[in-house]
Amino acid sequence: MSDVLFINARLIDPASGLDQQGALLVRDGRIADLGQNLGRPDGVAVVDGEGAVLCPGLVDMRVEVGEPGGEYRENIPSAALAAAFGGITTVAALPDSKPAIDDPALVRLLRTRGEETGSLTVHPYGALTRGCRGEELAELGLLREAGAVAFTDGARAIGPAKLMRLALTYARMFSARIVQHPEEPTLAAGGAATEGELATRLGLPGIPAAAEALMVARDIALARLTGGAVHFAHVSTAAALELIRRAKDEGLAITCDTAPPYFDLNETAIGNWRSYAKLSPPLRADADRQAVAAALADGTIDAVASDHQPRDPDDKRLPFAQAQPGGAGLATLLGITLAQVHGSGLPLGRALELLTVAPARILGVPAGTLARGAAADLALFDPDRSWRVTAGALPGRAQNTPFDGRALEGRVLGTWKAGRRVFGG
Amino acid sequence: MGKGLIRVTTPLRHLLAIEGMYPPQIAGLLDLAESYVLLSRTGTTPRDRLRGRTLINLFFEDSTRTRTSFELAGKRLGADVINMSVATSSVNKGETLLDTAATLNAMNCDLLVVRHAASGAPVLLARKVDAAVINAGDGTHEHPTQALLDALTIRRRLGGLQGLVVAICGDILHSRVARSNIHLLSAMGSRVRVVGPPTLIPPEAHRLGVEVFHDMKAGLAGADVVMALRLQQERMTGGLVPSSREYFRFFGLDADKLSYAKPNALVMHPGPMNRGVEIASSVADDPVRSVIREQVEMGVAVRMAVLDVLAHAGIKGGPRQ
């Protein structure tokens with residue numbers, strides 16, 4: 001069942017730099033061999049790739065899975081469907097659920113819920129503070145022992161500098177990274193869109209782009225002070241990226257990711273008060289979008305994550321300022337990233353690195369490679385096959401995509417989890 | 001009696017801190033305290049030694065055991081002992097401290113034992129009074145008699161301090177006991193380690209001459225002595241530690257963590273203990289390794305020695321320090 005031979009595939013493994021036509025053999029759910037020509041052992045099913053790309057299953061390091069507490073918007077089985085459609089086999093789940101993932105038992109629950117799907121590994125983030133309320137540290141040591149991959153308060157920024165300092169100092173003991181929503185909360189409070197001409201014309205309260213750079217600058221200083229490791233999620237501005245670039249040059253333990261909306265869309269997507277394009281952080285001016293796209297190529301950005309935030313129509317069909325921010329992203333993660341390959345010259349290998357081994361390394365999880373012996377988590381996709389994003393017809397429960405109607409090139413043909421086909425065919 | 005036992009190179013005027021004391025001064029105090037251990041046990045302490053001297057326990061912070069220990073020490077040497085408890089909450093501390101000093105000075109007190117929540121308060125007081133001032137704990141600075149009694153306990157059990165590996169575990173950041181012990185043990189040739197979460201280790205701790213560990217097993221490996229420190233409840237509400245169960249999991253001194261120390265390592269605690277937080281009952285009550293109750297006994301003897309030396313070496317009415 002889980003013994004499969006892939007033939008006629010373009011094997012791309014960013015972890016090793018491999019990019020060649022060939023075959024890949026899966027035995028007992030693990031990658032047994034790969035090369036230009038492999039014999040066909042008896043009793044092994046054959047999948048003909050017909051020249052499509054076979055790469056490691058994608059690792060999405062920022063996903064709201066809806067559990068516990070938001071199951072009517074998304075749950076782990078429904079998120080697993082969307083993930084499999086998108087070629088994703090591993091996710092890191094945000095902890096700002098209801099209740100928050102601030103107890104070791106909840107970490108174990110989410111991991112188990114992922115295992116039950118048979119198609120998606122769920123690595124929970126631990127809550128950095130109790131209830132993600134931003135007051136007292138959660139039990140980072142016990143959460144880490146239970147399997148929390150890093151610590152964050154999810155969509156809530158860690159506001160007080162003293163708390164962030166304490167968290168970085170304490171988490172260092174467990175070699176754990178702190179994931180920050182980089183937005184200075186007092187400056188962003190009440191805002192609904194990026195401050196500027198468009199927000200002014202729409203009459204929307206603004207969030208200055210500087211709110212991101214301020215928090216990034218502060219946390220870089222705190223990382224320097226404490227020796228702690230900070231990961232900035234969904235970075236969206238040129239100013240913040242420049243600070244991160246310099247901090248990396250300095251050798252600080254700083255990493256960051258961005259999400260597809262921030263290199264594919266700009267603030268004009270919210271025109272006519274389109275609340276499905278209301279995100280947090282808000283979509284930015286086009287100069288910032290271009291800076292994000294450039295940072296994918298130059299290495300400043302370490303990973304691309306979907307930032308999947310399930311919302312239902314009641315959350316969105318509201319006056320813009322009252323609508324909830326957030327967009328569904330699992331199904332479109334690969335396609336929107338490939339648009340950078342087709343349209344902006346991002347090398348395909350680099351694009352896949354951002355989606356596989358790079359986030360796996362940040363999370364410290366064994367995923368995202370085609371190494372012999374690794375779990376056979378695989379995605380087979382045709383980079384040129386086109387499809388159209390249609391809200392209402394996406395896999396999973398969450399339909400709140402900011403990319404509704406968008407034509408994309410690059411479609412997943414099949415997804416395998418531990419050698420078992422979980423999508424396509 | 002006793003004078004022949006004192007080998008103090010520089011006469012001590014006050015006992016404000018261990019930092020800056022010379023090893024012979026420390027050894028001299030410990031030698032004298034040693035003799036008072038035996039005399040206390042036989043009930044034959046020299047009641048005339050401090051006859052006619054007045055000792056005032058001036059406690060700006062509540063403390064039952066330290067105050068009682070000084071009171072007993074004074075009485076066993078025949079001093080007149082007066083306890084003053086001063087509430088800190090109602091007064092402007094700086095002004096009151098100096099006013100109190102002036103008042104006490106007018107009463108011709110000989111020995112003034114001071115505990116205060118503010119680091120450095122005994123030094124301020126010592127500048128203003130003629131009495132010999134003994135620091136019984138000032139803020140997060142020092143607690144010299146605790147370090148002396150710990151040293152005496154170790155010395156009596158292990159024969160000396162030179163070359164011992166001593167692991168001090170827990171809330172180093174807020175601990176005056178830890179600071180005094182670091183200075184004393186380092187001066188006497190021990191190798192001191194501090195072990196605790198990074199949030200409870202003071203910045204630049206290694207500059208005090210200690211090795212810093214954040215892992216109990218590594219920090220305790222091969223230790224001759226393991227000291228657990230009290231974790232104040234407010235450290236948890238203040239967020240430096242997430243919970244007592246997490247603290248106990250990683251830093252609570254239990255049999256498993258203690259097994260990394262030497263087989264007969266001494267277990268010490270300055271008290272009062274939080275069982276199940278910084279120390280497990282099985283370890284605290286270990287009849288062989290735990291010397292926690294012995295520390296209390298040594299406390300009285302050490303304080304007798306300190307009172308004795310200061311009452312006789314200090315020149316009353318002489319030049320102020």
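> Would you mind going over the side chain of A:Asp264 with me for this structure?
Residues and elements named next belong to chain A. Take Asp264: it is sitting in helix H9 (residues 260-264). Owing to a relative accessible area of 15%, Asp264 belongs among the buried residues under this scheme. Among the polar contacts listed, one links the side chain of Asp264 to the side chain of Arg406, at a separation of 2.3 Å. With sequence-adjacent residues up to four places away left out, Asp264 is seen in contact with Arg289, Ile336, Ala339, Phe403 and Arg406.

> What is the right way to look at the confidence of the model for chain B in this model?
The predicted structure's coordinates, where accompanied by low pLDDT, should not be read in detail. All names here are of chain B. Scored by pLDDT, chain B comes out at a mean of 91, with 92% of its residues at no less than 70. The model gives residues 1-9 a pLDDT under 50, and that stretch makes 21 contacts with residues more than four places away or in other chains. Note that residues 315-321 has pLDDT below 50 and, in this model, 15 contacts with residues that lie over four places away or in other chains. Both confidence scores are given for the complex: pTM 0.92, ipTM 0.86.

> Mind showing me how you'd approach the pattern of salt bridges here?
Opposite charge on two side chains lets them pair, provided their charged atoms get close. One pass over the structure, following the stated rule, counts 40 salt bridges over all chains. In this structure, B:Arg41 and B:Glu297 form a salt bridge, with 2.6 Å as the shortest nitrogen-oxygen distance. Here the residue B:Arg41 occupies a position in helix H1 (residues 23-42), and B:Glu297 occupies one in helix H12 (residues 292-313), the gap between them amounting to 256 residues. With its nearest N and O atoms 4.0 Å apart, the salt bridge here joins B:Glu211 to B:Arg193. On the criterion of sequence distance, the pair formed by B:Glu211 in strand S7 (residues 211-213) and B:Arg193 in strand S6 (residues 191-195) is long-range, its members being 18 residues apart. A cluster of three or more residues bridged by salt bridges with shared partners is formed by A:Glu242, A:Arg245, A:Arg246 and A:Asp298.

> Explanation requested: the nonpolar core in the structure shown.
Across soluble globular proteins, nonpolar side chains have a tendency to be buried as a group. Residues A:Ile178, A:Phe232, A:Ile254, A:Phe381 and B:Leu253 are the most contacted members of the largest nonpolar core, which totals 127 residues. Setting aside residues up to four positions removed in sequence, A:Ile178 forms contacts with A:Leu128, A:Phe151, A:Ile158, A:Met164, A:Ala167, A:Leu168, A:Ala171, A:Ala229, A:Val230 and A:His231. Grouped together as the second largest cluster of nonpolar side chains are 64 residues, B:Ile18, B:Ile26, B:Val81 and B:Ala151 included.

> Is there a simple way to explain the interface of chain B and chain A in this structure?
Accessible area lost upon the coming together of the parts is a frequently used measure of interface size. Opposite the 14 residues of chain B that make contact, chain A presents 17 residues. Buried area between chain B and chain A, both sides added, is near 1400 Å², and the carbon and sulfur share of it is 60%. Taken together, chain B and chain A are joined by 3 salt bridges. Between A:Glu139 and B:Arg245 there is a salt bridge; the shortest N-O distance is 2.5 Å. Inspection of the chain B/chain A interface yields 9 residue pairs in polar contact (both at pLDDT 80 or more). Broken down by element, the residue count for the side of chain B that touches chain A peaks at 5 residues, all from helix H9 (residues 244-251) of chain B. Of the residues contributing to the side of chain B that touches chain A, the split by class is 6 nonpolar, 5 polar and 3 charged.

Quick notes on the rules
- Residues numbered from 1 in each chain as written.
- Chains lettered and ligands numbered in written order.
- Predicted model: local features only at pLDDT ≥ 70, side-chain atom pairs only at ≥ 80, totals over all residues.
- Heavy atoms only, no water.
- Helix = DSSP H or I, 4+ residues; strand = E, 2+ residues; numbered from the N terminus.
- Buried < 20%, exposed > 50% of the residue type's maximum accessible area, 1.4 Å probe, protein only.
- Polar contact = N/O pair within 3.5 Å; in protein donor to acceptor, adjacent residues only side chain to side chain.
- Contact = heavy atoms within 4.5 Å.
- pLDDT = per-residue confidence, 0-100.
- Salt bridge = Lys/Arg side-chain N within 4 Å of Asp/Glu carboxyl O.
- Core = buried A, V, L, I, M, F, W, Y, C linked by side-chain atoms within 4.5 Å.
- Buried area = accessible area lost by both parts, 1.4 Å probe.
- Nonpolar A, V, L, I, M, F, W, Y, C, P; charged D, E, K, R; others polar.

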